[in-house]
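# What the coordinates show
Each chain, written out:
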Amino acid sequence: QVQLVESGGGLVQAGGSLRLSCAASGIIFAFSAMGWYRQAPGKQRDLVARITTSGGTNYADSVKGRFTISRDNAKNMVYLQMNSLKPEDTAVYYCHAIDFRSDYWGRGTQVTVSS
């Protein structure tokens, strides 16, 4: 059974930082592309950042230079370091994985940035 469990969300003031973590199980992590998406109330779920099996990354324009995605294949973990947070970053953040069988979602973690 595949599980993606996010943690690290919370309430932070604008300009602050948070680090999200996603613990993956039930997939061959080293061969899985991983990503973070977010969904604000009333909006669609959008890509924030993703990282390939070889470590290549890409980011949404709105977070470039502020967010960094990374992975630890030894621990089956993916991280999202979020700096210089803005109120518009407020959303539920979801971990996403793609392996050779399918794609999978975590349940999400709430990030709220106050102005």
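Numbers given for residues are sequential positions, taken from 1 along each chain in its written order. Per-residue local features are limited, in this predicted model, to residues with pLDDT of at least 70; the limit for side-chain atom pairs, both in listing and counting, is 80 or more; totals at the level of whole chains, interfaces and linings are taken over all residues. Values reported for side chains reflect all heavy atoms of the structure, with hydrogen atoms and water molecules removed beforehand.

## Examining the overall build of the protein
To keep it simple, the criterion reads: Helix numbers and strand numbers start at the N terminus; a helix is a DSSP run of H or I with at least 4 residues, a strand a run of E with at least 2. Note that the radius of gyration is over C-alpha atoms, with the globule rule given as 2.2 Å times the number of residues to the power 0.38. Partly exposed residues are those whose accessible area sits between 20% and 50% of the maximum for their type, while under 20% is buried and over 50% is exposed, using a 1.4 Å probe and protein chains only. Here, residues are in contact when the closest pair of their heavy atoms is within 4.5 Å. Surface exposure here means Shrake-Rupley accessible area, sampled with a 1.4 Å probe, where a residue is shielded only by the protein chains that are shown. Only four residue types enter the charge count, namely Lys and Arg as positive and Asp and Glu as negative; His and the chain termini do not. The location of each charge is read from NZ of Lys, CZ of Arg, CG of Asp or CD of Glu.
In terms of regular secondary structure, the protein is built from 0 helices and 11 strands. Walking the protein from its N terminus toward its C terminus, one meets helices and strands in the order β-β-β-β-β-β-β-β-β-β-β. Against the compact-globule benchmark of 13 Å for 115 residues, the protein has a radius of gyration of 13 Å, which places it among compact chains. Out of the 115 residues in the protein, the part that is buried amounts to 39%. For the protein, the share of sequence-separated contacts (at least 6 apart) that also reach a separation of at least 24 residues comes to 54%. As displayed, the protein offers around 6100 Å² of accessible surface, 49% of which is attributable to carbon and sulfur atoms. Of the side chains in the protein, 12 bear a positive and 8 a negative charge, and the two mean positions are spaced by 2 Å.

## Quick notes on unusual backbone geometry
Although it is not a glycine, N76 sits at a positive phi angle of roughly 55°. Summarising the element assignment, N76 is placed in the loop between β7 (67-72) and β8 (77-82). On the basis of relative accessible area, N76 is assigned to the partly exposed category, the value being 24%. The residue S84 is not glycine, and still its phi comes out positive at about 50°. Within the secondary structure, S84 is located in the loop between β8 and β9 (91-98). Look at S84 and you get partly exposed, because its relative accessible area is 42%.

## Brief notes about the nonpolar core
In plain terms, the rule: What makes a nonpolar core is a set of buried Ala, Val, Leu, Ile, Met, Phe, Trp, Tyr and Cys residues whose side-chain atoms join them at distances within 4.5 Å.
By size, the foremost hydrophobic cluster in this structure holds 28 residues, and its most contacted members are M34, W36, V78, L80, M82 and Y93. At the level of secondary structure, the elements contributing two or more residues to this core comprise β3 (18-25), β4 (33-39), β5 (46-51), β7, β8, β9 and β11 (109-114). In this structure, Y93 is in contact with E6, L20, W36, Y37, R38, V48, F67, L80, M82, G108, T109 and V111, ignoring residues within four places of it in sequence.

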